[in-house]
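Architecture at a glance
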Amino acid sequence: MTADKGQAERTRVVYAVREIEERWQDYWEKQGIFRTNPDPKRKFYVLVMFFYPSGDVHMGHCRNYVIGDVLCRFRKMQGFDVLHPFGWDAFGLPAENAAIAHGNHPSYWTFDSIKTARQSLKLLGIGYDWDREVTTCLPEYYRWNQWLFIKLYERGLAYRKEASVNWCPNCQTVLANEQVKEGICYRCKATVEKRKLTQWFLRITQYAQEMLDGIDKLDKWPENVRTMQRHWIGRSDGVEVDFTLAETGEKIPVFTTRPDTLYGVTFMALAPESVLAETIARGTEHEKAVEEFRKRIILRPEIERLAATGDKEGIFTGKYAVNPLTRDRVPIYLADFVVAAYGTGMVMAVPGHDQRDFEFARKYRIPIKVVIRSPKSEVRSPNDLTEAYTDVGVMVNSGPFDGTRSDEGIEKVIAHLEQQGSGRRVVNYRLKDWLVSRQRYWGTPIPMVHCPNCGVVPVPLDQLPVLLPEDVKDYKPRGKSVLEGVESFINTTCPVCGGPARRDPDTMDTFVDSSWYHLRYTDAHNTDLPFRKSEADKWLPIDEYIGGIEHATGHLIFFRFFTRALSDLGMLSVEEPCLKLHTQGMVSLNGVTMSSSKRVGVWVGEFVPEHGADVGRLAVLFAAPPEKGMDWTDDLVTGVTRFVNRLWRLYEDNPGRVQFERPDTGRMTADEQKLYIRLNQTIAKTVADCEGFQFNTAIAAQMEFLNDLAAFGDRDSAVFKFALGQLIHLLAPFTPHLAEELWHRARPDAGSVFAERFPEADAKFLLFDEMVIPVQVDGKLRDRVSVPRTAGEEEVKAAALRSPGIEAFLAGRAVAKVVYVKGRVVNVVMTKETQ
RNA sequence: GCGAGGGUGGCGGAAUUGGCAUACGCGCUGGAUUUAGGAUCCAGUCCUUAACCGGAUGGGGGUUCAACUCCCCCCUCUCGCACCA
């Protein structure tokens, strides 16, 4: 044990904890306890989100892994064939940044981190099938990223386009929408800029509707994640209306969900990034001012743009658009509040009925028209308005539609537009195609070749993997891809014409790696395919997926998308990767979230040698329900340490008394029967709580039962001995080392405790013979009566009315009625006194 | 602004889903043991009261024999999205 450095002595584990824990960890490994059955009869796939090496392993990470391990061991003992794999999300910037800082290869740092992390997980006694370990930075893994990328490309699901994309100036790479939160890079917190670049995208939008509909079936997912995903996909139904440019008749399609306000359009607004914005003022007196505005807005960092919400800015282009319904001419503006990536990047503005348009119109003195009248308020002059009216009302100043309710008007106007050929129903999604190119080194090379003659050509599948070159002198990104500067890599020949060509210089977003790792685990060593359908079908869908809430709209979207796409490719039989998801809360230390990179945390490598794995496991499980955040405290450790110590002493004090044969339940003393019932209650509670993901209350129930056992007098009772045996099995998922030790002490010749069956409650002995019924008078607790469990309603009511404690409350008053809820409560309701 | 989820002792948290509020643990108080500290064990610990009574689940109102739980209004915290037309 570690010597204490002058601090007050704290509660310590009283037994030789490390010796015991190491013994059984070695034993499990040698016995192959957690090796997967390749032909599962009752399969159970427990998956924890894999580890992104970014430093040491802290208790925050471990909460995730411990929960998975408890489930794995619990289900295994229930007779399931469990798949519980682990791997390393090993590509990515932390490794590259470390390499830049220390001057060695990213793989050095990566494998060093993995080694430490693997050791930490083994220290905690997490039971993985290490035979199926995957490491995404190895060619054995990433070649299949490339293989899948080409398959998606062949299906039209991977494509290249020029777009205004998120650029992180610190990481020197582009980012997906999902990796930008509030205009800030999710990784380094730098302010993200916009750049116009040609990049690779995955056509996730093709699955937008399917993924949205699929959420309905994910009823075992946390509600907040489902809501977040619905919002992220963001379906909106509307119509695309063709306005035209007054001079040329060129079409300007705009998306709107409010065609009922079409008569109220008084100007048009273009996003500065839109194509039309570039050309509209060209060659006119407005050109200079418009160009200046456009460039300024485009270069404005995202964060400033977000902060500017409410303060709108724009410029008149000198041009006019024609409203297809009214033939009105309205001025066209560039406006900073129009989102380029949504709809067509151009909007019709109705200041009377849209708050943003209203603010803009007021600022630039554009007329405001009222075309929807609120049913409540009187007609007012547009000049008197203080805000836009956005609710339902009656259409006015709208020609033939006057008098129509605006919500019905939506349909009527659409029908009219469709008839006249100037509009069509469309559905818009907020979800954007997934930008997967990255200009960094430590990732999967995109397996594409750019040939001057043949264009973009995929690398033939039999030539994969395209290896990430190792002879790189400089990982430092300088605004373009690192691989661009590696001559030996970038220069190649065209697979089609054989002429000189260049490789794609970018690497893939690491979220590609994690989009299908759950499938690779089912067939981790396949050298011909990413995985066989037959193997994936054996295990999918994942039965319990456990990870952080921070992945709600990132990884968990991508991973659903991949599952659907691969299902369409015929590689899989399921459409959803996991039907049950559990997101666990963060662990903080003194109020600060644990973080490897910030070096805030309780480190497994330090904690376990001092307190033991079982104590660490109990601490994260007992502190709070899994989905809630928790603060790590020394007091928490004190509590669970006392628990394991008391357990240890209980078995030390009762050598040779542990039994596994069920006692003769026909011949029990009253005390024995009570203990036996308490045992069964504890078993039932533990099973229900493990299934319901409430490990904190499962442990509380076990603590209570330990208190019962400690207080039990007759140590030679067969029931007591049996309870000692059953408790070992109940403890096994939570404190596996202690349980295995106690099991082997009781049964030296037996195999692992994890080959035993988890206890099942004896249904005949779940309730006490006597039940204690609280008696209320007018809803207030006044007494309790003890009656036989078999007592009928009348018997219980009579006993309640006889109970001495309520006498005083009944005196001189009349009973109006007596309510009895079976087995729960009696409430004596008195007549209202008139005083 | 929109959306989701919370608010229960000194603290972390329970409460069979409308039926004994505060399980379990920490802390605290007293006692036992100990040279002493730590550890351990026993008793107690929502507030108020000598006790009974009374009061208490963010605040206010309602439904009900009965409300932490259901309904309405308000306050507050956390998270997500954020000018999405």
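Let's talk about the overall build of chain A
A tally of helices and strands in chain A yields 26 helices and 34 strands. Across its three principal axes, chain A shows a C-alpha extent of roughly 100 × 90 × 55 Å. Residue burial in chain A is summarised as follows: out of 835 residues, 42% are buried. A sequence separation of at least 24 residues applies to 71% of the contacts in chain A between residues at least 6 apart.

Focus on the protein's contact with RNA strand B
The local shell around RNA strand B holds 64 residues, among which Thr256, Asp635, Gly639, Gly779 and Arg824 are the closest. Of all the elements, helix 22 (residues 695–711) adds the most residues to the surface near RNA strand B, at 7 residues. Of the residues that constitute the surface near RNA strand B, the class distribution is 23 nonpolar, 21 polar and 20 charged.

Quick look at the nonpolar core
Of all hydrophobic cores here, the largest spans 168 residues; its most connected members are Leu124, Leu618, Leu621, Ala723 and Ile728. No other element matches helix 2 (residues 59–77), which puts 10 residues into this core. Residues contacting Ala723, with those up to four places away along its chain left out, are Leu675, Leu679 and Leu709. Of all hydrophobic cores here, the second largest spans 47 residues; its members include Val254, Ala269, Tyr333 and Leu417.

With respect to the packing of helix 20 (residues 634–652) against helix 22
Two elements in contact, helix 20 and helix 22, have axes separated by 11 Å at closest approach and are oriented at 35°. As helix 20 runs across helix 22, the sense of the crossing is left-handed. Of the residues in helix 22, those in contact with Phe643, Arg646, Leu647 and Leu650 of helix 20 are Met703, Leu706, Leu709 and Ala710. Residue classes in the contact of helix 20 with helix 22 are distributed as 7 nonpolar, no polar and 1 charged.

A word on the confidence of the model for chain A
Per-chain confidence: chain A averages 91 in pLDDT, with 97% of residues scoring 70 or above. The spread of mean pLDDT over the elements of chain A runs between helix 10 (residues 302–307), the lowest at 70, and helix 15 (residues 517–520), the highest at 98. A low-confidence stretch, residues 1–8 stays under pLDDT 50, and its non-local contacts, those more than four residues away or across chains, total 3 contacts.

Considering the domain arrangement of chain A
On domain assignment, one finds that chain A holds domain 1 (32–136 + 519–607), domain 2 (144–203 + 433–511), domain 3 (235–427), domain 4 (650–765) and domain 5 (770–830). Each of domain 2 and domain 3 has a C-alpha centre, and these two points are 38 Å apart. Broken down by class, the residue content of the side of domain 2 that touches domain 3 amounts to 2 nonpolar, 3 polar and 3 charged.

Some thoughts on the packing of helix 21 (residues 670–691) against helix 22
A packed helix pair is summarised by two numbers, namely the angle formed by the two axes and the spacing between the axes. As a packed pair, helix 21 and helix 22 sit with axes 8 Å apart at the nearest point and diverge in direction by 165°. Between helix 21 and helix 22, the interaxial angle falls into the category roughly antiparallel. As for the relative orientation of helix 21 and helix 22, their crossing is left-handed in sense. On helix 22, the residues that touch Leu675, Arg678, Leu679, Thr682, Lys685, Thr686, Asp689 and Cys690 of helix 21 are Phe695, Thr697, Ala698, Ala701, Gln702, Phe705 and Asp708. Of the residues belonging to the contact of helix 21 with helix 22, the class tally is 7 nonpolar, 4 polar and 4 charged.

Remarks on unusual backbone geometry
In this chain, Leu464 is followed by Pro465 through a cis amide linkage whose omega measures 0°. Looking at where Pro465 falls in the secondary structure, it is placed in the loop between strand 22 (455–458) and helix 13 (487–490). A cis amide bond links Leu540 with the next residue in sequence, Pro541, at an omega value of -5°. Checked against the element boundaries, Pro541 lands in the loop between helix 16 (533–539) and strand 26 (544–548). One non-glycine residue, Asn397, lies in positive phi territory at about 50°. Along the chain, Asn397 falls in the loop between strand 17 (394–395) and helix 12 (406–420). Overall, the presence of 15 C-beta atoms within 10 Å leaves Asn397 in the partly exposed class. Backbone geometry places Asn590, a non-glycine residue, at a positive phi of 55°.

What about the sheet that holds strand 9 (residues 193–202)?
Taken in spatial order, the 4 strands make up an open sheet running 6-5-9-19, and their pairing is antiparallel. Edge positions in the open sheet fall to strand 6 (173–175) and strand 19 (434–435), since each of these has one partner strand only. As paired elements, strand 5 (residues 158–168) and strand 6 share 3 bridges and run antiparallel to each other. Residue pairing for strand 6: Trp167 is matched across the bridge by Val174.

Brief notes about the sheet that holds strand 21 (residues 448–451)
An order of 22-21-24-23 is seen for the 4 strands of this open sheet, with the pairing classed as antiparallel. The sheet is open, and its two borders are formed by strand 22 and strand 23 (491–493), each paired with just one other strand. Between one strand axis and the next, the sheet turns through 40° on average, direction left out of account. As paired strands, strand 21 and strand 24 (residues 500–503) are joined by 2 bridges and run antiparallel to one another. What sits directly across from His450, in strand 24, is Arg502.

Comments concerning the environment of Arg187
Turning to its location among the elements, Arg187 is positioned in the loop between strand 8 (184–185) and strand 9. Arg187 sits in the partly exposed class, given 18 other C-beta atoms within 10 Å. Note: C-alpha distance between Arg187 and Cys168 (19 residues apart in sequence) is 9.7 Å. Residue contacts for Arg187: discarding those within four places in its chain leaves Leu93 and Cys171.

Quick look at the environment of Phe809
Positionally, Phe809 belongs in helix 26 (residues 807–810). A tally of 17 C-beta atoms within 10 Å means that Phe809 is categorised as partly exposed. Residues Phe809 and Met830 lie 21 residues apart in sequence; the distance between their C-alpha atoms is 9.3 Å.

Structural notes on the pairing of strand 13 (residues 314–322)
Two faces belong to every sheet, and in a regular strand the side chains alternate between them. Sheet topology note: the strand 10 (residues 235–245)/strand 13 ladder contains 2 bridges and is antiparallel. Across the sheet, the residue bridging to Thr244 is Val322, located in strand 13. The pairing of strand 13 with strand 14 (residues 329–335) spans 6 bridges and is antiparallel. What sits directly across from Gly314, in strand 14, is Ala335. Hairpin connection, strand 13 to strand 14: the antiparallel pair is bridged by 6 residues, and Arg327 has positive phi, about 65°.

The rules we used
- Residues numbered from 1 in each chain as written.
- Chains lettered and ligands numbered in written order.
- Predicted model: local features only at pLDDT ≥ 70, side-chain atom pairs only at ≥ 80, totals over all residues.
- Helix = DSSP H or I, 4+ residues; strand = E, 2+ residues; numbered from the N terminus.
- Buried ≥ 20, exposed ≤ 12 C-beta atoms within 10 Å, placed from the backbone.
- Contact = placed C-beta atoms within 7 Å.
- Near = placed C-beta within 6 Å.
- Nonpolar A, V, L, I, M, F, W, Y, C, P; charged D, E, K, R; others polar.
- Core = buried A, V, L, I, M, F, W, Y, C linked by C-beta atoms within 7 Å.
- Axes fitted to C-alpha atoms, helices over the stretch in contact; angles between N-to-C directions.
- Left-handed = near helix turned anticlockwise from the far one by under 90°.
- pLDDT = per-residue confidence, 0-100.
- Domains from an automatic or database assignment.
- Parallel < 35°, antiparallel > 145°, perpendicular 65-115°, else oblique.
- Pairing = 2+ DSSP bridges.

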